[in-house]
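These are the residues of each chain, in order.
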Amino acid sequence: MKRGKFLRWWLSGALLGVASLAAQAAEVVVYSARNEQLIKPLFDAYTKQTGVRVKFITDKEGPLLARLKAEGRNTPADLFLTVDAGNLWQAAQEGLLKPVDSKTLQANIPAHLHDPGNVWFGLSVRARTVVYNHNKVKAGELSTYEDLAGPKWKGRLCLRTSQKVYNQSLVAMMIWEHGEAKTEQIVRGWVANLATAPFPDDNRAMEAVAAGECDVTLVNTYYFGRLMEKKPNLPLSIFWPNQNLKNKSAGVHVNVSGAGVAKYTKHEREAIRLLEWLSSPTAQNLFADVNLEYPANPAVKPDARVATWGNFKHNLINVAEAGKLQTRAVMLMDRAGYK
Amino acid sequence: MTPAVGCGEERTASAARHRSTRFVPRHILRLCFFSAPRITAWAIATLTLIPVLVVASALLDPDQEIWAHLWRYTLPELLVNTVWLALGVGLGVSLLGITLAWLTAACEFPGRRFFTWALLLPLALPAYVTAFVWLGLLDFTGSLPTWLREAWGIQHLPPIRSRGGVILVLALALYPYVYLTARSAFQGQGRRLMEAAQSLGLSPVRGFFRVALPMARPGIVAGLSLALMETLADFGTVSVFNYNTFTTAIYKAWFSLFSLPAASQLASILIFFVLVLVLLEQVSRQNKRYAHSARGGGGSTRIHLAGWRGWLVASFAGLVFLLAFAVPFTQLLIWAWYAAGTDLDPRYFAFIGHSLLLSGLGALLVATLAVALGYAQRLQPTPGMVFTARLATIGYALPGAVLAVGFFIPVAWADNLIIDQVRAWTGREVGQILGGTLAVMLLAYCARFLAVGFSSVEAGLGRITRSLDEAAEVLGVTGLKRLRRVHLPMLRVPLLAALALTFVDIMKELPITLMTRPFGWDTLATRIFEMTSEGEWERAALPAVAIAIVGLLPIFFLIRDPDAKAC
């Protein structure tokens with residue numbers, strides 16, 4: 001009995017020694033599904049400015065969520081950073097994030113880009129828009145996402161796979177606007193208009209449009225920016241759909257990459273401070289420009305290259321709706337035969 | 001024989017005796033249940049079973065709505081797709097692997113020595129990277145179809161993004177598994193076997209089909225089952241082709257429909273199928289023995305393929321090498337050259353170091369466990385033991401991310417237990433103890449890659465005749481001593497194969513590495529992930545090329561060493 005007790009003390013003492021080594025300096029731990037080269041410059045800048053070290057680990061959003069969940073109360077994570085509102089919504093849904101009461105964040109991030117309960121905040125905006133081959137299509141022929149389901153685009157549309165969360169969120173938002181029945185009709189129309197099987201990524205879809213395999217596709221703008229930087233002579237142009245509508249489907253569909261504070265953070269104040277800093281003008285440019293995205297803070301101008309694509313009206317539905325309806329969207333796309 | 005020998009030895013003392021289990025007194029039977037081989041096997045199997053059971057436990061809480069949806073809209077398609085993929089890749093890797101193995105092991109043709117090791121090189125490229133390169137070259141927008149359209153007016157080519165395309169690319173990426181195991185089986189047969197066949201009037205071709213091929217079955221099956229398990233578990237390659245399989249459906253159910261139960265249901269079906277297949281194969285070759293005298297190997301009785309036949313064979317091998325390795329690797333080199341300007345920095349030393357360390361330690365651990373499991377099965381070749389060994393190697397058929405999460409959950413659970421206990425006793429907060437340690441990473445690799453090491457070791461052990469075990473026993477050499485002095489020296493070639501295969505596989509592994517690595521512990525594979533996660537495939541070429549080059553090392557050793565004597 002005595003010996004068992006001694007062993008216990010010895011063991012816990014040893015564990016304590018090992019563990020306390022890691023927990024001393026001021027630092028924040030970030031779990032990030034946004035990849036390393038997009039976040040490291042940012043964290044380096046933060047450390048330089050504040051002296052607070054930022055430790056991070058990257059992974060795909062699904063496993064990262066599973067990890068956060070499994071670690072539960074003892075997770076080392078302070079901040080959870082990911083792409084797509086669907087994933088943020090899911091993290092909130094699983095009770096892995098905690099609400100943040102911050103005037104700075106409320107002021108910096110517009111209402112439709114953060115969780116209604118302030119559990120997470122969008123930090124950069126990703127617009128999913130129309131890219132077309134300007135040798136084959138006039139801008140005047142294009143109007144809305146919904147219009148791409150019409151018969152005049154038969155055999156002229158290319159799409160990325162429905163497995164990608166960007167398309168799932170887009171369809172989820174359309175369910176919110178039109179209801180399931182009408183959305184399913186639209187998606188079926190898209191599928192009927194496909195020139196070729198869906199592509200694994202946005203780049204391939206744009207390359208196909210440029211090569212004339214099809215005329216028009218839907219992509220996130222930063223892919224367009226990256227591709228045009230590499231191959232400026234491609235006959236591709238950007239079009240902002242749904243601009244002249246007055247109803248709730250007005251505006252280009254936007255999604256966010258964003259972050260929330262881990263529910264069981266041990267450094268809540270530090271985590272909030274980092275989150276606030278990320279929404280500030282200094283960080284916002286770094287955050288968005290490094291990947292040619294749009295800053296979430298409306299006071300911050302986008303990168304010069306991004307600005308050349310022109311201004312556009314956002315769809316103002318709260319991006320959290322995309323998360324809520326994602327499951328329905330995935331099932332709808334399965335029913336419509338959108339692979 | 002002394003009555004004091006352990007039941008394991010007693011059971012294997014002669015092949016005939018182990019079938020007479022029912023005549024063994026009951027108390028010895030009970031002893032056997034707790035015997036060292038059995039405990040070893042179960043301990044190893046536990047490593048894989050824990051993550052599998054963690055995943056399967058979600059079955060207890062079925063998600064009716066999602067399941068009904070999957071059943072109606074996606075299961076029929078993905079069943080057909082998965083079966084076609086498995087059949088196609090199985091056929092493809094068998095044809096390529098066996099043919100090339102036989103040609104390089106038993107024939108002489110121009111360039112044979114080069115092809116002997118060069119044909120293994122595709123192993124060093126992650127299959128999904130090869131797939132992406134081929135898609136870039138052969139899709140409508142690719143260089144070849146564009147050239148054909150513009151220069152020749154050829155409009156309609158068979159689409160690469162199709163069932164045939166994905167089968168072709170996977171077969172080219174995975175045939176080296178069969179090539180490697182089949183080749184070492186053919187080599188182990190030595191020349192006596194074929195001489196005997198020829199003295200009985202069989203032509204070389206018929207000798208191949210009647211004698212060499214059937215005798216090589218365990219080796220071929222070992223490689224084939226690895227290739228098939230990898231095919232079933234593959235997510236990266238089929239995603240590039242947007243080809244829906246069981247594995248893509250598992251990912252979708254889990255990470256898009258947020259339904260762990262549905263994912264678990266699908267994964268359980270997948271595992272069930274794999275187990276049934278594996279056991280069927282096992283049953284079908286029961287009571288057959290493949291051991292033969294190890295003497296008479298080597299020698300220069302290769303069949304000389306002179307003149308045009310030699311060149312025909314050489315061009316076939318050359319074509320496979322070109323398609324499976326040279327072309328994709330060249331494209332990667334070109335991309336890497338451009339990416340190196342911005343991305344190559346001193347951190348690459350750390351990435352390479354981490355990759356080497358993890359792969360090296362992981363391969364050693366996997367090989368050790370594989371030998372332990374193989375020897376345990378040899379000591380007690382009971383159906384129960386065979387089943388345990390199959391269970392232990394099932395991790396390879398499970399999609400990587402599923403296994404990674406299944407492995408992480410119990411680790412986190414144990415960590416939480418420790419942290420809570422420390423808090424309760426001392427009032428202090430501590431960080432994770434197990435999570436983010438190398439030990440956990442290595443164990444997770446074992447759970448995933450044991451099949452890779454084991455298949456090679458098992459086939460190797462099968463080729464050692466049991467009379468050697470008995471001879472050793474008569475001389476008083478038993479147990480671990482016998483393993484060390486008799487079996488291990490004879491297992492050199494299969495062990496090297498196991499080490500090399502596991503090494504390159506861990507080098508390419510992604511989900512487990514991502515999930516369990518310590519902070520800041522990036523490897524070459526995680527670099528690929530960082531680039532491809534936002535679609536920057538060209539930049540991913542740099543770490544991919546680095547993996548290929550580092551992964552070449554063991555392949556080079558592997559082939560040079562055994563061949564030094566065989567050539």
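Values in this document were obtained by computation on a predicted structure and should not be read as measured data.

A. Geometry of the overall build of chain B. Helices and strands together make up the secondary structure of chain B, namely 24 helices and two strands. Looking at chain B as a whole, 51% of its 567 residues qualify as buried. Of all intrachain contacts in chain B linking residues separated by at least 6 positions in sequence, the fraction that spans at least 24 positions is 84%.

B. Seen up close, the overall build of chain A. When you go through chain A residue by residue, the secondary structure sums to 14 helices and ten strands. Its C-alpha atoms give chain A a radius of gyration of 22 Å, near enough to 20 Å, the size a compact globule of 339 residues would have. If you line up chain A on its principal axes, its C-alpha atoms span 85 × 40 × 35 Å. With 339 residues in all, chain A has 54% of them scored as buried. For chain A, contacts bridging at least 24 residues in sequence account for 78% of all contacts bridging at least 6.

C. Representation of the nonpolar core within the structure. Judged by nonpolar contacts, the single largest core of 285 residues is most densely connected at A:L79, A:F80, A:V209, A:L275 and B:V366. Ranked by residue count, the leading element in this core is helix α8 (residues 163-199) of chain B, at 17 residues. Of the domains in this structure, domain 1 (26-124 + 255-301) and domain 2 (126-253 + 319-335) of chain A are the two that each give at least three residues to this core.

D. View of helix α23 (residues 524-532) of chain B. Counting buried residues along α23(B), nine of its nine residues qualify, which places the element largely inside the surrounding structure. Considered for burial, the residues of α23(B) that qualify are B:L524, B:A525, B:T526, B:R527, B:I528, B:F529, B:E530, B:M531 and B:T532.

E. Just the domain arrangement of chain A, in detail. Residues and elements named next belong to chain A. The domains assigned to chain A are domain 1 (26-124 + 255-301) and domain 2 (126-253 + 319-335). Put simply, the middle of domain 1 and the middle of domain 2, counted by C-alpha atoms, are 28 Å apart. With 20 residues of domain 1 at the contact, the number on the domain 2 side is 16 residues. Looking at the side of domain 1 that touches domain 2, the elements that each hand over two or more residues are α4 (85-93), β5 (121-133) and β9 (253-262). For the side of domain 1 that touches domain 2, the element with the highest residue contribution is α4, accounting for six residues. Within the side of domain 1 that touches domain 2, the residues separate by chemical class into eight nonpolar, nine polar and three charged.

F. How the structure looks around the interface of chain B and chain A. Counting from both sides, the interface comprises 45 residues of chain B and, opposite them, 48 residues of chain A. Of all the secondary-structure elements, those providing two or more residues to the side of chain B that touches chain A are α4 (64-106), α11 (236-240), α12 (246-256), α17 (400-426) and α22 (511-516) of chain B. Considering each element in turn, the side of chain B that touches chain A owes the most residues, 13 residues, to α17(B). By residue class, the composition of the side of chain B that touches chain A is 23 nonpolar, 15 polar and seven charged.

G. How the structure looks around the packing of α12(B) against helix α13 (residues 260-284) of chain B. Residues and elements named next belong to chain B. Two numbers describe how α12 lies on α13: the axes approach to 7 Å, and their chain directions differ by 160°. Judged by the inter-axis angle, α12 sits roughly antiparallel to α13. Where α12 crosses over α13, the handedness of that crossing is left-handed. Contact with α12, carried on its side by F246, A249, I250, A253 and W254, involves L260, A262, A263, L266, A267 and L270 of α13 and no other residues of that element. Among the residues forming the contact of α12 with α13, the class breakdown is eleven nonpolar, no polar and no charged.

H. Inspection of the environment of A:K55 at higher detail. Note on placement: A:K55 falls in strand β2 (residues 53-58). Each C-alpha atom of the pair A:K55 and A:R269 lies 16 Å from the other, and the pair is 214 residues apart in sequence. In this structure A:K55 touches A:E27, A:V29 and B:F519, once residues within four positions along its chain are discounted.

I. Here's a closer look at the pairing of strand β1 (residues 27-32) of chain A. All names here are of chain A. The buried count for β1 comes to five of six residues, which makes it a mostly enclosed element. Examined bridge by bridge, β1 and β2 share six bridges and lie parallel to one another. Paired with V30 across the strands is F56, a residue of β2. Read from β1 through helix α2 (residues 36-50) to β2, the crossover connection turns out right-handed.

J. Focus on the packing of α4(B) against α12(B). All names here are of chain B. In contact at an axis separation of 9 Å, α4 and α12 are set at 155° when each is read in the N-to-C sense. By the angle class used here, α4 and α12 are roughly antiparallel. On α12, the residues touching I66, L70, T74, L78 and T82 of α4 are F246, A249 and A253. Across the contact of α4 with α12, the residue classes break down as six nonpolar, two polar and no charged.

K. Region of interest: unusual backbone geometry. Non-glycine residue A:N118 carries a positive phi angle of around 60°. The topology assignment puts A:N118 in the loop between α5 (103-108) and β5. For B:N242, which is not glycine, the phi torsion reads 50° and is therefore positive. Tracing the chain through its elements places B:N242 in the loop between α11 and α12.

L. Quick look at the pairing of β5(A). Residue and element names in this part refer to chain A. Counting buried residues along β5, 13 of its 13 residues qualify, which places the element largely inside the surrounding structure. In this structure, β5 lies alongside β9, joined through seven bridges in antiparallel fashion. Opposite G122, over in β9, you have G258 as the bridge partner. When β5 meets strand β10 (residues 294-295), the two strands line up antiparallel, connected through two bridges. By the bridge assignment, V125 is partnered in β10 with Y294. As paired strands, β5 and strand β7 (residues 216-220) are joined by five bridges and run antiparallel to one another. Among the inter-strand pairings, R128 is bridged to a residue of β7, identified as N220. Bridge count between β5 and strand β8 (residues 236-239): four bridges; the pairing is antiparallel. When the bridges of β8 are listed, N133 appears paired with L236.

Conventions adopted
- Residues numbered from 1 in each chain as written.
- Chains lettered and ligands numbered in written order.
- Predicted model: local features only at pLDDT ≥ 70, side-chain atom pairs only at ≥ 80, totals over all residues.
- Helix = DSSP H or I, 4+ residues; strand = E, 2+ residues; numbered from the N terminus.
- Buried ≥ 20, exposed ≤ 12 C-beta atoms within 10 Å, placed from the backbone.
- Contact = placed C-beta atoms within 7 Å.
- Rg over C-alpha atoms; globule rule 2.2 N^0.38 Å.
- Core = buried A, V, L, I, M, F, W, Y, C linked by C-beta atoms within 7 Å.
- Domains from an automatic or database assignment.
- Nonpolar A, V, L, I, M, F, W, Y, C, P; charged D, E, K, R; others polar.
- Axes fitted to C-alpha atoms, helices over the stretch in contact; angles between N-to-C directions.
- Parallel < 35°, antiparallel > 145°, perpendicular 65-115°, else oblique.
- Left-handed = near helix turned anticlockwise from the far one by under 90°.
- Pairing = 2+ DSSP bridges.
- Right-handed = clockwise from strand over helix to strand, strands pointing away.

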